[in-house]
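The primary structure of each chain is shown beneath.
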Amino acid sequence: SPLGALGTYQDGFAACNGKGDLIVFSTGKEPMTYKISEYSFSAPPLEKDGIVYVGDENGIFHAFSPERGELWSYWTGNQIVGGAVIFEGLVWVGSHDHTLYAFAVESGKVLHSVDCGAQVNATPVLYEPNRTLFLGSCDGKLRRINLQDGSLMGEIDLESPIPENPVLHDGIVYALSHQGVLVAVKAFNFQEIYRVNTLSGCFAPPCIAGDYVFVTGENGTVQARQNADGEL
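All values derive from a computational prediction rather than experimental measurement. (Residues numbered from 1 in each chain as written. Predicted model: local features only at pLDDT ≥ 70, side-chain atom pairs only at ≥ 80, totals over all residues. Heavy atoms only, no water.)

## Focus: the nonpolar core
Looking at soluble globular proteins, one finds that nonpolar side chains tend to be buried together. Filter applied, for reference: Put simply, a nonpolar core is a bunch of buried Ala, Val, Leu, Ile, Met, Phe, Trp, Tyr and Cys residues held in one set by side-chain atoms that sit within 4.5 Å of each other. For each residue, the accessible area found with a 1.4 Å probe, counting protein chains only, is set against the maximum for its type, and the residue is called buried under 20%, exposed over 50%, and partly exposed in between. Strands are runs of DSSP state E lasting at least two residues, helices are runs of H or I lasting at least four, and both sets are numbered from the N terminus onward. By definition, residues are in contact when any of their heavy atoms lie within 4.5 Å.
Residues Trp92, Leu100, Leu126, Leu133, Leu135, Ile145 and Leu147 are the most contacted members of the largest nonpolar core, which totals 15 residues. Elements with a contribution of two residues or more to this core: strand 9 (85–87), strand 10 (90–94), strand 11 (99–104) and strand 14 (132–136). Apart from the residues within four sequence positions on either side, Ile145 is in contact with Trp92, Leu100, Val114, Arg131, Thr132, Leu133, Gly150, Ser151, Leu152 and Met153. Residues Tyr127, Ile156, Val173 and Val181 belong to the second largest nonpolar core, which totals 14 residues.

Take a look at the structure:
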């Protein structure tokens, strides 16, 4: 069955598939398969302390233990294609129901919910030094969210959907819109550093290596832009 996106898992990695299974690949061991859902998965699983957190195509977010089975689940109302992140006892994940959720890891209780204006495809990005989270949405806005209370601390409008994950590198958050607008923002205070148009439709997140931001476009090009100013 087709596999969804990969996630790390202890000494290996894991993926869920189109049959609702979790498959764990560990070094030197045969892959292990566990049934989680009746629905297919495309989202990457997140493992923390032996528990897997992942959302399915029916919009159900699962907390699953290979030893104990399903610990809790919550139906968000629409499919989940992005991954989750965990910080101080809360697991955060976005849904196509336009909402970013924060669940208590022990109980699955919804402690915070943030309206994102449109479907969320991306995995949130944590910036732990000042306890904030960054998330792009299909309404075209990059949001800065307080991890302590779920409040919105700011947003930057790229004016077209942000289909993939923001990227955090050396204290800078990079986000790329579907229409090819690349923005760089200081993570600490959400101050925009620069904004450039790559002149190509984009469906993948930017990639940071050395002094460059690499961007792929639907026109078949790969652009290398300076981290500091976005110059080609």
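## Some remarks on unusual backbone geometry
A positive phi angle, near 50°, is found at Gln10, a position not held by glycine. Note that Gln10 resides in the loop between strand 1 (7–9) and strand 2 (12–16). We note that Phe190 has phi near 65°; this positive angle belongs to a residue other than glycine. Among the structural elements, Phe190 can be located in the loop between strand 19 (181–186) and strand 20 (192–197). With a relative accessible area of 11%, Phe190 lands in the buried category.

## Looking at the side chain of His62
Heads up, the rule is: Throughout this description, a polar contact denotes any pair of N or O atoms lying within 3.5 Å of each other; where both atoms belong to protein, one of them has to be capable of donating a hydrogen while the other can accept it, and for residues adjacent in sequence the pair is counted only when both atoms sit in side chains.
Note that His62 resides in strand 7 (residues 60–65). Residue classification places His62 among the buried residues on the basis of a relative accessible area of 3%. Engagement of the side chain of His62 in a polar contact is seen with the side chain of Asp56, the distance being 2.9 Å. Ignoring anything within four residues of it in the chain, the contact list for His62 reads Ile36, Ser37, Phe41, Val52, Tyr53, Val54, Asp56, Glu70, Trp72 and Ser73.

## Overview of the sheet that holds strand 15 (residues 141–146)
For clarity, the cut-off: In this description, strands pair whenever DSSP reports at least two bridges between them. Axis definition: a line fitted to C-alpha atoms, over the contacting stretch in the case of helices. Angles run 0 to 180 degrees between N-to-C directions.
The sheet built from four strands is open, its strands ordered 13-14-15-16 with antiparallel pairing. With partners counted over all chains shown, the strands left at the sheet margins are strand 13 (125–127) and strand 16 (152–157), one partner each. Taken pair by pair, the neighbouring strands of this sheet meet at an average axis angle of 20°, ignoring direction. Relative to strand 14, strand 13 is paired through three bridges, and the arrangement is antiparallel. Across the sheet, the residue bridging to Tyr127 is Thr132, located in strand 14.

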